[in-house]
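# Secondary and tertiary structure notes
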Amino acid sequence: MATSTATKIEAPPVDPARKKIQRKHAWTARGLLMPAFIFLLVLTQIPFLFTIGFSMMNWNLLYPAERGFTGLDNYKAALTSGALWPSIVATVLITAFSVVLSLLFGLLFAVLLDRNLPGRAIARTLVITPFLIMPAAASLIWKYSMFDTNIGMLNWAFDLVGLPKVSWSTEHPMATVVIVLTWMFTPFMMLILLAGLQGQSKETLEAAQVDGAGAWRTFTWITLPHLRMYVEIGTLLGSVIILQVFDPIAILTKGTGGTKTLAYLLYERAFIGLNVGEAAAYGVVTVILTIIVATIALKTTFKVFMAGGSR
Amino acid sequence: MSTTVKNSVINVLTWLLVLVFFFPVFWMFLNGFKPESLASSIHPKLFFTPTLNGYQVALDRGMAAYLQNSFMASIAATIGCVVLAIPAAYALSLRPIKNVEGSLSFFISTRFMPVAAIVLPIYMILKNLGGLDNIWVLAAVYMSINLAITVWMMRSFFLEVPFEIVEAARVDGAGLFREIVRVVLPIVLPGVAAAALICFIFSWNEYFLATLLTSNVARTTPPFLGSFVDGRGQFLAVLSAAATLAVLPVIVAGWIAQKQLVRGLSMGAVK
């Protein structure tokens with residue numbers, strides 16, 4: 001840990017002059033951290049407290065006069081109106097499918113691009129591109145030039161092999177969203193898993209080969225266990241980001257067909273329904289859901305973060 | 001089957017898979033240069049006489065102004081992030097405060113805080129203060145989203161600075177400012193650059209807050225692209241051209257930062 005290194009250097013204690021310097025250093029360090037700390041406190045933590053406050057208010061922008069404290073009524077309304085539960089299900093399903101699929105494709109690409117492929121650098125560059133592309137642009141391109149019933153390339157390909165045309169965003173809204181998210185997050189997973197593959201000890205792999213383990217057995221017995229922590233990091237970060245997903249929903253399905261995620265529901269209630277109180281309650285639910293999902297993954301991964309970051 | 005043949009088969013299959021995966025991007029790029037009738041045709045064409053018509057229409061719709069707003073918001077957010085993150089990362093690595101773990105947890109918690117949890121008060125406060133539709137306000141909000149990831153990433157680079165060098169500077173009596181600017185920064189510059197690029201990428205691509213917090217004056221590129229959703233008639237060539245313009249800066253930035261990308265995305269956990 002970094003702290004121990006520092007204390008070692010400023011070791012000889014009890015000397016008052018030294019102690020004074022030490023205390024001065026401690027204050028300097030705190031002073032350096034403060035601007036970032038305060039900035040984040042003001043722009044993220046305090047607004048969240050406000051959100052909790054809003055969620056306990058009867059506050060509809062259409063009826064400003066009726067504004068007032070209502071306790072947990074918004075949460076009760078959210079539970080009984082039948083909007084909340086399907087939205088939680090949609091959020092969790094979209095996140096789970098997208099994370100698992102992008103992990104699988106990411107692993108496939110990581111393994112293939114870890115090999116000695118001609119033009120490997122170019123291939124890697126091409127594969128990371130979908131993650132860099134603006135999600136709004138990616139969703140639009142998929143919507144109109146891939147999924148479109150008439151001119152979409154997917155249906156063109158289906159037609160080539162004699163399959164019937166599919167109206168993706170209306171017939172399979174969930175699949176539409178998951179496909180685009182998987183496409184966007186596969187590079188993310190690939191990068192993390194590729195770093196894992198490259199950190200694998202060559203000796204172990206050679207030893208396995210000498211012992212006569214086949215490629216498949218080496219992969220399942222040595223490589224996969226080694227990749228475990230990378231899979232965990234990918235799962236944690238991927239889930240936390242995809243849980244908040246908004247852009248592909250807004251552009252591909254507008255929340256129809258069981259794809260109304262919490263972020264989209266909040267947007268709809270607050271900015272179309274103008275019900276600030278109820279929308280704030282969805283915001284709080286989003287945080288709770290994120291904490292649940294993150295703690296499940298974080299338990300194991302925070303250790304990894306700390307180990308990876310320490311001196 | 002001999003190993004060489006097997007290897008070549010896998011190589012060919014890999015490249016095939018890579019090209020299929022990249023195809024939507026390639027297709028977007030190609031469609032941007034097609035005349036509208038060809039782009040929206042049910043018979044896709046690979047070869048055609050390229051035209052800049054799509055780009056012309058996109059620019060005629062005022063896209064340059066949206067791109068400019070995007071640049072202003074993203075660059076301001078990036079500079080702000082770097083300026084706040086360098087001292088913070090330093091205080092979490094080379095001159096560590098007492099509770100490093102606690103501070104790191106705080107930063108990571110703000111990164112994991114869903115935008116949904118903070119957007120309503122921010123919107124309401126800005127609306128009351130007249131801060132909506134202001135590009136600098138949007139930049140400040142983007143800073144708050146990206147600051148944590150920048151701090152974490154920079155810290156992981158700062159930790160790699162050989163401590164002997166820092167110690168030598170301190171023995172020589174270099175002040176704090178000198179120590180950071182003259183000694184530490186030159187060593188971690190690639191890391192700072194990578195963190196800045198990641199901050200830029202996330203700011204540039206942001207859609208949700210841009211849609212809600214801006215309208216006419218400060219509108220950025222993502223919501224402008226989003227306005228194509230309800231388009232009528234044929235517009236695929238224009239959309240593709242506009243999308244190409246919109247993604248180009250970030251693709252270039254990402255390709256440059258490729259080697260450091262994984263470190264930034266995993267907040268320094270994976271190198």
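Residues numbered from 1 in each chain as written. Chains lettered and ligands numbered in written order. Predicted model: local features only at pLDDT ≥ 70, side-chain atom pairs only at ≥ 80, totals over all residues.

So, on to the overall build of chain B. Counting its regular elements, chain B contains 13 helices and zero strands. Ordered by position in the sequence, the α and β elements of chain B form the string α-α-α-α-α-α-α-α-α-α-α-α-α. Structurally, chain B occupies a C-alpha span of about 70 × 70 × 30 Å along its principal axes. Looking at chain B residue by residue over its 271 residues, the buried ones come to 51%. (Helix = DSSP H or I, 4+ residues; strand = E, 2+ residues; numbered from the N terminus. Buried ≥ 20, exposed ≤ 12 C-beta atoms within 10 Å, placed from the backbone.)

Residues and elements named next belong to chain A. Orientation of helix H4 (residues 84-114) relative to helix H9 (residues 173-198), taken along the N-to-C sense of each, is 45°, at an axis distance of 5 Å. As summarised for this structure, H4 and H9 are arranged oblique, according to the angle between their axes. In the packing of H4 onto H9, the handedness of the crossing is right-handed. A breakdown of the residues in the contact of H4 with H9 according to their chemical character gives 22 nonpolar, six polar and one charged. (Axes fitted to C-alpha atoms, helices over the stretch in contact; angles between N-to-C directions. Parallel < 35°, antiparallel > 145°, perpendicular 65-115°, else oblique. Left-handed = near helix turned anticlockwise from the far one by under 90°. Nonpolar A, V, L, I, M, F, W, Y, C, P; charged D, E, K, R; others polar.)

Bringing the environment of glycine 277 of chain A into the picture now. Residues and elements named next belong to chain A. Along the chain, glycine 277 turns up in helix H14 (residues 276-309). Taking the C-alpha atoms as reference, glycine 277 lies 29 Å from phenylalanine 37; in sequence the two are 240 residues apart. Setting aside anything within four residues of it in sequence, one finds glycine 277 in contact with Phe54, Ser55, Met57, Asn58, Trp59 and Asn74. (Contact = placed C-beta atoms within 7 Å.)

On to the nonpolar core, then. Ala137 of chain A together with Ala85 of chain B are the most contacted members of the largest nonpolar core, which totals 175 residues. Once residues lying within four places of it in the same chain are set aside, the contact partners of alanine 85 of chain B are Ala36 of chain A together with Leu147, Thr150, Val151, Met154 and Ala195 of chain B. (Core = buried A, V, L, I, M, F, W, Y, C linked by C-beta atoms within 7 Å.)

Looking now at helix H6 (residues 119-129) of chain B. Those residues of H6 of chain B lying buried are Val119, Leu120, Pro121 and Ile122 of chain B. One or two positions beyond H6 of chain B, positive phi appears at glycine 130 of chain B, with a value near 75°.

Residue and element names in this part refer to chain B. Per-chain confidence: chain B averages 90 in pLDDT, with 99% of residues scoring 70 or above. Across chain B, element-level confidence peaks in helix H4 (residues 63-91) with a mean pLDDT of 96 and bottoms out in helix H13 (residues 258-265) with 79. Here the complex is predicted with pTM 0.90, and the ipTM for its interfaces comes to 0.91. (pLDDT = per-residue confidence, 0-100.)

All right, on to the domain arrangement of chain A then. All names here are of chain A. Each domain of chain A was delimited in the assignment, giving domain 1 (2-55) and domain 2 (77-309). Computed from C-alpha atoms alone, the centre-to-centre distance between domain 1 and domain 2 is 36 Å. Tallying the contact residues gives four residues for domain 1 and six residues for domain 2. Looking at the side of domain 1 that touches domain 2 residue by residue, the classes come out as two nonpolar, two polar and no charged. (Domains from an automatic or database assignment.)

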